[in-house]
Structures are given as C-alpha cells and as structure tokens.
Amino acid sequence: MRSWADFEFDPEPHRERLLPLVERLQRDRPSTDREWRRILKDHLRPDGGFYSKAEINSAARAWKLPFAAITKPTRTRSGVAPVTLFTQPYACPGQCIYCPNDVRAPKAYLADEPGVQRARSVGFDPYAQTWNRLLALFRLGHPVSKVEIVILGGTWSNYPEAYQVAFVRGCLRALNDFDGSKNPGPIHGAQIEELPFEITDESYNVRLARQGTEAIPLDWPGLHSEIQRQSESSSKLVGLCIETRPDRAGTEEMDRWRRMGITKVQIGVQNLSDEVIRQNRRVHTAEQVRQTLDSLRLAGFKIQAHWMTNLLGADPELDRREYVRFVNEEHPDEIKLYPCQRIPGTELERRFRRGAWAPYSEDDQRSLLADLLAATPETVRLSRVVRDIPKHWVTEGGVDTNLREGAEEDNRRRGAPLRDLRSREIGAEDEPTMPFRCEERRLDGRSTVERFLSVVDGRDRVLGICRLSLPKCPPPFEELAQCAMIRELHVYGPAVNVGQAGRVQHRGLGEQLISRAVELAKEAGFLKLAVIAAVGTRSYYERFGFVECGRYWIRAVC
Ligand code: SF4
C-alpha cells in the first residue's frame, strides 16, 4: 500500500543541483516537452536521472519560490484539469475482434498502460484514483479548482447500476474532500492481487466470470449528498465523461447518466460501413449508431466518437471516404482517431496469421492520417490521434506513436495546416491578440440544427466556444419541451483558480457566448434555453438565470 510519505520529497540534500534548475525554469519558462527535457538534461540527479516535476515543485514550495511559474502547462491548457480513471474489469456485450482480452484491465485496455497501472495499484478504487490524480496535478503546480473526470473502461452501461452509482460517488467524495492547499490527507486503496494471466483462446467474458464480483449496495442518496457538497467544494466538477457502445445508450441509460451528472459520452463508432462493422463483430448497425448520436445530441450530451482505420475489411480509400462522410454528416464534437493494432490473444491476431488482415504500410498510414487530419472540420476537436499501446504488445505492425507529428508536418508542407479545434485552441503560454471576433457556423443534422459559436483572436486562435443545439425532433425528456440546448460552453487557455482572472478565462467570454445563444434560440422560435450543467457548474449558470428543472438547468429566452 502506498502511504502519504511516498509523495514526500526532502529537497534540502539536493539544494546544490535543484536550486539552479528551479531558477532556470523560472527564467526560461519552457512551454514544450522538448524544452523541458533540454533543461532537465543540464541539471541531472546524482544518479544521472531527471528530477520529476513534483520534486521540482516541492523544492520551489519549500524554498518559497513561485512554483506556479515552473508548471508544465500542457495538461491544463484547455482550461480544466483532466482526471482520467478506470473502472474494474467487467464483461462487455461486444465481441469486437481487435479488442484486447487482458482480464487484469477493464475491457479494451491493457494492464500495463500507465493509467490502468495507477488504477490497479489502488484496486480500481474511484476515491483513491481521483485523490491521487488531484494530488499529482496539485504537486505539479496545476490549479485543481475546475476538474473534468473521464471514466474509462469497457462499456459503462453494462456495469451494474449500483457499481456506476458507487463509482461516481467515490469520485465526487474525493473531489469534495480534496483541498490540496490545506489538507493533503492519506492515500487510500490497497494493492491489487495479481491475477494469473496468460494469453489463451478463451474470451474475456468467460475468464472474468470465474472471478466473481462483490455485491455493492445501490446508494443514490449517498451520491446525491456528494452532489450537494459540490456547491461548497474548492474542486468543482466541470465535466463528467463515460464511454459506452452505440447499442447501450437508450433513454433509460441517458436518464441514469443525467441523474449522476454525466455530461459527455465517448462512443465507439469506429466505422460506418455496415460491412466493416459486421466483419469486425461490432454487433450493431450503422443506422443504430446514427440514431444513438441523434438521441445523445437531443439529450444535450457532448459526443466524443472513437474512430478506427485499418479495420478488417477496410482499405485506405474506404477509410478516407467513410471518415469524410462521418464528420460532415454526423457532426461529432470530438474524435479519438486510432489505427487498428494487432494485439496478441485477439481474433484479429488469428486473422493476421491466416493472411486475412494486415496492417497498412507506414507510408499508407501516414498519408491516410494526413488526409483525415486535413478533412477534420473546425467544429471538431481531435482529442487524440494514435493510441499509445505499450510497445511489447505490438511488436510487429505496430503504429509509430509519432505518426501524428509526421502527418501534421506533411499537411504543413502542402500548405494545409490543421483547422480542427484542438489545433486552434489558444496555448497555455499565449497572450490573446486583439481584435476578438465571434464566428458562427451552422451544421444541419437529422435531429438538430447545430450552431457552433467561437470567439477567435487576432491571430485566428480560438478563445472559447459554445455548442448550441436547436432540436428538430421531440426531446427525450419532458422538461426539454420548447428548449434549445447549450451542450458545451468552454473557454480555453490555461486553467486558473476560480476567482482569479486569467489571460482568457474569467474575462466574460462565457457570458458573451451565453447571450448570443439566448438570441439565437429566440430567433429560432424556442421559448427556453437548457444547459447540460455539470454538478460543479450549477452556480455559474444560476448567475445567468438558469434554474434546476429535472435533469437540466433551464431559463426562459423571452
Ligand atoms: S464494445 Fe468496446 S470494450 Fe466491448 S468488445 Fe468492443 S471494443 Fe471492446
């Protein structure tokens, strides 16, 4: 078991090496990984290794130097501190032929991926995972007053309701208990038992069934009391995301998710060719995916789609065609884009051995990715490109983790720099340039008209966005009748604590975007405007006249 003492670091014996390092970091203000590493290389530990950022910040704190100045900025550059957690191993109704079968990890993941390792070290306990990530961010000097929690692992809707409720309750309780500046507290959790694991032909679900699961009591009142405590907490939950399959996102699930405070759904789309879906045993249809995306949008959820290239039955041309159709017809908000990789123990591995599937060549992968990046519209955030699977799992035919950089470089060379949202967000160290302007785009979908509003600075960098949905179909919940819906309101730039004014955050951009959303909703004939408020943002929306109404926060627009 890890103890609080594991996180303590006494900088005094290192003063001679660390003080010049801290002073240099404060002077040079490195803003990229490469710059950081160059400086760290000049100030090595006595054993020849690098000092960790937590150690550097510990020293800065101990010697009363302004440690915030030496924080590595990228983690909180989108304005919130991200906390990624993993659920315990559990069965998934999918039979996808490429999906790993590592029963030490939740379905779709591998036990030695860094995030899963952290989760395993505390028995997948949500409280301990949340606390430890907050502490790690805090120790690196990141503000943790606005936190987005991303819960990863298999198919969330397939976990028993009691487990879902207990998991979210644990996350919220840790957020509410955490106040890094005053109360470091103990590290919870226990070392997980190592499960015997070898690669066999037996499926994940069959092997998992032998482990059994503990019965957890259903505790909605416990969850509601943590939601209430958020109003007083110094660490606010500004977004809560889960991942699921397209055939596990019906009205019943969406109702439960809203009652838990979930605001964003990662959904496995992968490809919209029915033949490719069939060959990869996704066990749903393309039409089911489209209907699910429509329902999620009508219910106000932000949608992050997972998309894979190089699946069984695909080729680079099909991948290009289907991706372009998907982004232009289905209008996802965010995408995680992964080339399919061959993992031992999967059905795809067996197909590879029989010659039925092969990874694309490096050149094909790079040119395909360059085209997909270039085809991604300005309204879509490419959150991740290429999954960083530990190298020993994909020794043959693996994907170069620098593929994105290579593809971006190719696009720059051909005069087509990326326009997706992540490429244009203002950076943590950037000063916005006047004049600011508001850009508006209209996207026509089957279930909604989407209005995408963005505030852009004089150098074409995005400072903030609002996704406003104007429904064309009846809403899934009665309180949404006559409502337009703000699905996302986001001001970018480095995170700052609530109450402080940052370069971009807390400058009134959010208020301007809401005002414009009210005008647009009114022009379109809606009587009310709803927002899918995360549990920590409710008091913010109250300031603009929104009141709690069922699962949403709603105000009149006249
Ligand atoms: S739905 Fe996701 S987690 Fe389930 S088998 Fe398919 S890829 Fe794996």
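As shown above, the structure is provided for reference.
1. Some words on the overall build of the chain
Within the chain one finds 18 helices and 14 strands. Here the chain holds 558 residues, and 57% of them are scored as buried.

2. So, the sheet that holds strand β10 (residues 462-471)
Reading across the sheet, the 7 strands line up as β8-β9-β10-β11-β12-β14-β13 and stay open at both edges, with mixed pairing between neighbours. Unpaired on one side and paired on the other, β8 (437-444) and β13 (547-549) mark the two borders of the sheet. In this sheet, neighbouring strand axes are inclined to one another by 30° on average, regardless of whether the strands run parallel or antiparallel. Relative to strand β14 (residues 552-556), β13 is paired through 3 bridges, and the arrangement is antiparallel. When the bridges of β14 are listed, Val547 appears paired with Ile554. Contacts from helix α11 (residues 286-298) reach β9 (448-456), β10 and β11 (483-491), with the element oriented near 60° to β9.

3. Considerations on the side chain of Glu349
Tracing the sequence through the fold places Glu349 in helix α13 (residues 347-353). Residue class for Glu349 comes out buried when judged on its relative accessible area of 11%. The contacts of Glu349, once residues within four sequence positions are left out, are Arg342, Ile343 and Pro344.

4. With respect to the sheet that holds strand β7 (residues 381-385)
One open sheet accounts for 7 strands, arranged β1-β2-β3-β4-β5-β6-β7; its pairing is parallel. Both edges of this open sheet fall to β1 (81-86) and β7, since each of them pairs with a single strand only. The mean angle between the axes of side-by-side strands here comes to 20°, regardless of whether they run parallel or antiparallel. As paired elements, strand β6 (residues 334-339) and β7 share 4 bridges and run parallel to each other. When the bridges of β7 are listed, Leu337 appears paired with Val385. In the packing of helix α12 (residues 316-329) onto the sheet, the strands contacted are β4 (264-270), β5 (302-309), β6 and β7, and the crossing angle to β5 comes to about 170°.

5. A closer look at the packing of helix α6 (residues 161-177) against helix α9 (residues 251-260)
The geometry of α6 relative to α9 is characterised by a closest axis approach of 11 Å and an angle of 25° between their N-to-C directions. Judged by the angle between their axes, α6 and α9 are roughly parallel. Between α6 and α9 the crossing geometry is right-handed. Taken together, the residues of α9 that come into contact with α6 (itself represented by Glu161, Gln164, Val165 and Val168) are Arg256, Trp257 and Met260.

Cut-offs used in this document
Residues numbered from 1 in each chain as written. Predicted model: local features only at pLDDT ≥ 70, side-chain atom pairs only at ≥ 80, totals over all residues. Heavy atoms only, no water. Helix = DSSP H or I, 4+ residues; strand = E, 2+ residues; numbered from the N terminus. Buried < 20%, exposed > 50% of the residue type's maximum accessible area, 1.4 Å probe, protein only. Pairing = 2+ DSSP bridges. Axes fitted to C-alpha atoms, helices over the stretch in contact; angles between N-to-C directions. Contact = heavy atoms within 4.5 Å. Parallel < 35°, antiparallel > 145°, perpendicular 65-115°, else oblique. Left-handed = near helix turned anticlockwise from the far one by under 90°.

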